[in-house]
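Here is how the chains run, residue by residue.
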Amino acid sequence: MIRPARAQDAARISEVLVASITALCGADHHDDPAKLANWLANKSPEGVAAMIADPGGRLYVAGHERIEAVGAIEWAGLGPDEGKITLLYVHPEARRQGYSAALLAAMEAELAGMGRVKGRLTATATAFAFYRHHGWHAAGPAREGRWILGHPMVKDLG
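Residue numbers here run from 1 along each chain, matching the order of that chain's written sequence. Thresholds applied to this predicted model are a pLDDT of at least 70 for local features of residues and 80 or more for the giving and counting of side-chain atom pairs; totals over whole chains, interfaces and linings are not thresholded and use all residues. Only hydrogens and water are removed before side-chain values are computed, so all heavy atoms of the structure are retained for them.

### Digging into the overall build of the chain
When its secondary structure is counted, the chain shows six helices and eight strands. Runs of E in the DSSP output that reach at least two residues are strands. Runs of H or I that reach at least four are helices, and both are numbered from the N terminus. The helix and strand sequence of the chain, counted from the amino end, reads β-α-α-α-α-β-β-β-α-β-α-β-β-β. For the C-alpha atoms alone, the extent of the chain along its principal axes is close to 35 × 35 × 30 Å. Of the contacts made within the chain by residues no fewer than 6 positions apart, 62% connect residues no fewer than 24 positions apart. Note on areas: these come from Shrake-Rupley sampling with a 1.4 Å probe, and a residue is covered only by the protein chains present in the view. Here the chain displays about 8000 Å² of accessible surface, and carbon together with sulfur accounts for 54% of that area. By the counting rule applied here, Lys and Arg register as positive and Asp and Glu as negative, while His and the ends of each chain are not counted. Taken as the charge location is NZ of Lys, CZ of Arg, CG of Asp or CD of Glu. Computed over 17 positive and 17 negative side-chain charges, the separation of the two mean positions in the chain equals 4 Å. By the convention used here, residues are in contact when the closest approach between their heavy atoms is within 4.5 Å.

Right, dumping it as structure tokens:
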């Protein structure tokens, strides 16, 4: 089941984000405490609640009995035909169960349905191959982001 996130989901979403980043993204943060602290700074329940309330984007959740994956799109500040995937994380215990792929497809379809046919995202090293497998293409060299190296990617969603 995939649906928009609700305010009451903030604590579980925070748990998923923290667990995923901590356990699955070691290739990006290299267990560096400063990188982890920066990456997780807005992943608290309060930070997630602010993401849910942001009118320039939308947070989604996926799972059956509980939330197992989280994704987000945004369109604020982008061209009228552009949309961006800003989050896509799965709980470590729910890996390889199809949640990430289903959530990505749903977010791409949502953006396309809004007329935003140029998809953009910045992939982690951990997720780069996943996105390539799902039709995304590198859009330039990797660049140092706020705390980790990011890989800009694009996809025609039309």
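### So, the nonpolar core
Inside soluble globular proteins, nonpolar side chains tend to come together where they are buried. In this structure, Ile73, Ile85, Leu103, Met107, Leu121, Tyr131 and Trp136 are the most contacted members of the largest nonpolar core, which totals 22 residues. Elements with a minimum of two residues in this core: strand S2 (57–62), strand S3 (69–74), strand S4 (82–90), helix H5 (99–113) and strand S5 (118–123). In terms of residue count, H5 provides more of this core than any other element does, five residues in total. In this structure, Ile73 is in contact with Gly57, Arg58, Tyr60, Lys84, Ile85, Thr86, Met107, Glu110 and Leu111, ignoring residues within four places of it in sequence. Grouping buried Ala, Val, Leu, Ile, Met, Phe, Trp, Tyr and Cys residues that are joined through side-chain atoms within 4.5 Å yields what is termed a nonpolar core. Burial classes: relative accessible area under 20% of the type maximum marks a residue as buried, over 50% as exposed, and values in between as partly exposed (1.4 Å probe, protein chains only).

### Topic: the packing of aromatic side chains
Stacked, tilted and edge-to-face are the three classes applied to pairs of Phe, Tyr and Trp rings, where Trp contributes its six-membered ring and a pair requires centres within 6.5 Å; stacked means planes under 30 degrees apart, edge-to-face means over 60, and tilted covers the rest. In the structure shown here, the tally under the stated rule is two aromatic pairs. Here Phe130 and Tyr131 contribute two aromatic rings whose centre-to-centre distance is 5.4 Å and whose plane-to-plane angle is 70 degrees, an arrangement assigned as edge-to-face. Considering the side-chain rings of Tyr131 and Trp136, the 6.3 Å spacing of their centres and the 70 degrees angle between planes classify their relative orientation as edge-to-face. Each member of the pair, Tyr131 as well as Trp136, is classed as buried. An aromatic cluster is present here, built from Phe130, Tyr131 and Trp136 joined pairwise through their rings.

### Quick notes on the pairing of S3
Where burial is concerned, most of S3 is hidden: five out of the six residues are buried. Bridge analysis of S2 against S3 gives six bridges, and the strand direction is antiparallel. Across the sheet, the residue bridging to Arg58 is Ile73, located in S3. Strand pairing requires that DSSP identify at least two bridges connecting the strands. The turn linking S2 back onto S3 is made up of six residues. One ladder, built from six bridges, connects S3 with S4; its direction is antiparallel. Note that in S4 the partner of Glu74 across the bridge is Lys84.

### Notes on the layout of surface pockets
By volume, the largest pocket is sized at about 1300 Å³. Of the grid points, spaced at 1 Å and generated over the protein atoms alone, those admitting a 1.4 Å probe that cannot get out make up cavities, while open sets with protein on both sides within 12 Å along at least five of seven lines make up pockets; any residue with an atom within 4 Å of a point is treated as lining. Around the largest pocket, the lining comprises 46 residues; the ones closest to its centre are Thr86, Leu87, Leu88, Tyr89 and Thr122. Tallying contributions element by element places S4 first for the lining of the largest pocket, with seven residues. Of the residues belonging to the lining of the largest pocket, the class tally is 24 nonpolar, twelve polar and ten charged. Grid points are joined across faces, edges and corners, and a volume is the space filled by probe spheres set on the points. As a working rule, the residues Ala, Val, Leu, Ile, Met, Phe, Trp, Tyr, Cys and Pro are called nonpolar, Asp, Glu, Lys and Arg charged, and the rest polar, with Gly in that last group.

### With respect to the side chain of Ser14
Position of Ser14 among the secondary structure elements: in helix H1 (residues 10–24). Relative accessible area serves as the criterion here: at 7%, Ser14 is assigned to the buried category. Ignoring any residue separated from it by four or fewer positions in sequence, one finds Ser14 in contact with Lys43, Ser44, Pro45 and Val48.

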